[in-house]
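The lines below spell out each chain.
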Amino acid sequence: MQPNQIKDLAAHCEQFRTPNTGIAIGQIVTTVIPFIALIGAMYFSLDYSYWITLALSLPAAGMIIRFFIIQHDCGHGSFFASKTANDLTGRLISIVTLTPYAYWQRAHALHHATSSNLDRRGFGDIDTLTVAEYKALPLMKRINYRIYRNPFIMTFVGGVVHFLIIQRLPFTVQRPSRKMTSSVLMLNVAIVVVYGAIGALFGWVNFVLIFAPIVVFSGAAGVWLFYVQHQFEETHWSRDGEWDRKTAAVLGSSYYQLPGILNWFTGNIGLHHIHHLCSHIPNYRLQECMAAKPELASINRLTFWESLKCAHLALWDEDSRRLVSFAQA
């Protein structure tokens, strides 16, 4: 893709960055009410069959993803026009997503500023080695990397560890600011208070039976979404001297074409190339942006079934400029 084409796409996306307060409030209402209803239904289903409880945990986990996308937009300052409204909403939702608002906001900004830059890896992304780097590792480190990149470990185990443990610690970014550290610590206090009250109300066994599967499923879905947004065969990586933010946004981010109901749960975050081109577009305007520029729908398009083939990709081949599997390295 030529630089002038990328510049044209970026200019187009800038036209859709204006928030709509009515739509934003409606999105909150249609997230909060169904989520509360699902938690209530899961609680009462415990008297009948835990299989019903588990079935209900799937849409409940989907609502957590939807909460996360709203918090994500608030962090970008795109959900509401008001910074105060964005910050207040984002902080309240963080109690549900278990994700410290100010800490994650900064870490995610670094992700946008370094995405697809081989010389600035490690900011809010999936750890990715080049073929040469992997081959130069001693045996135990290669084994550790293989375990880390195992799809089941990364999604189901990694999701739980990340949301329950790693995000409780203010050390994943070097030299975090006082604001970032405070965000983590204050959220930890809020989690103890809020979920302690819920556990006392529901009973601790019921609390675990209800919330454990939600955390597992939402964590796995969240990690998978983040994975497939940048980890696909024809993605883009470049060295610092060649790296360009807009080029990286278009070529290094996927368009994850999901069914309508999954787009609703995921807040259209599958249109990730558009989001990286202009992070100030609220999630509820991403589809509108793509519809007005049809060529956006043909860039790095992945269907759900096609995306499953990305699970085995683990190394960046600098020669072929493709993400490859261990077997291909």
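Above this text you will find the structure in question.
The structure presented is a predicted model; accordingly, all values stated were derived computationally and were not measured.

## Looking at the pattern of salt bridges
- On inspection of all chains with the given rule, the structure shows ten salt bridges.
- Among the ionic pairs, Arg-121 bridges to Glu-133, the shortest N-O distance being 2.7 Å. Of this pair, Arg-121 sits in the loop between α5 (101-114) and β1 (129-130) while Glu-133 sits in helix α6 (residues 131-135), placing them twelve residues apart in sequence.
- You can call Arg-121 partly exposed: its relative accessible area is 24%.
- A relative accessible area of 27% places Glu-133 in the partly exposed class.
- One continuous salt-bridge network, built from bridges that share partners, spans Asp-8, Lys-293 and Glu-295.

## Some words on the side chain of Thr-114
- Within the secondary structure, Thr-114 sits in helix α5.
- Not counting residues within four places of it along the chain, the set of residues in contact with Thr-114 comprises Arg-120, Phe-123 and Trp-243.

## Regarding unusual backbone geometry
- Of note, Ser-116 is a non-glycine position whose phi angle comes to about 75°, a positive value.
- The residue Ser-116 is located in the loop between α5 and β1 in this model.
- The backbone of Arg-321 shows a phi angle near 55°, a positive value even though the residue is not glycine.
- Among the structural elements, Arg-321 can be located in the loop between β4 (313-317) and β5 (322-325).
- On the accessibility criterion, Arg-321 (40% relative accessible area) is partly exposed.

What counts, and where the lines are drawn
- Residues numbered from 1 in each chain as written.
- Predicted model: local features only at pLDDT ≥ 70, side-chain atom pairs only at ≥ 80, totals over all residues.
- Heavy atoms only, no water.
- Salt bridge = Lys/Arg side-chain N within 4 Å of Asp/Glu carboxyl O.
- Helix = DSSP H or I, 4+ residues; strand = E, 2+ residues; numbered from the N terminus.
- Buried < 20%, exposed > 50% of the residue type's maximum accessible area, 1.4 Å probe, protein only.
- Contact = heavy atoms within 4.5 Å.

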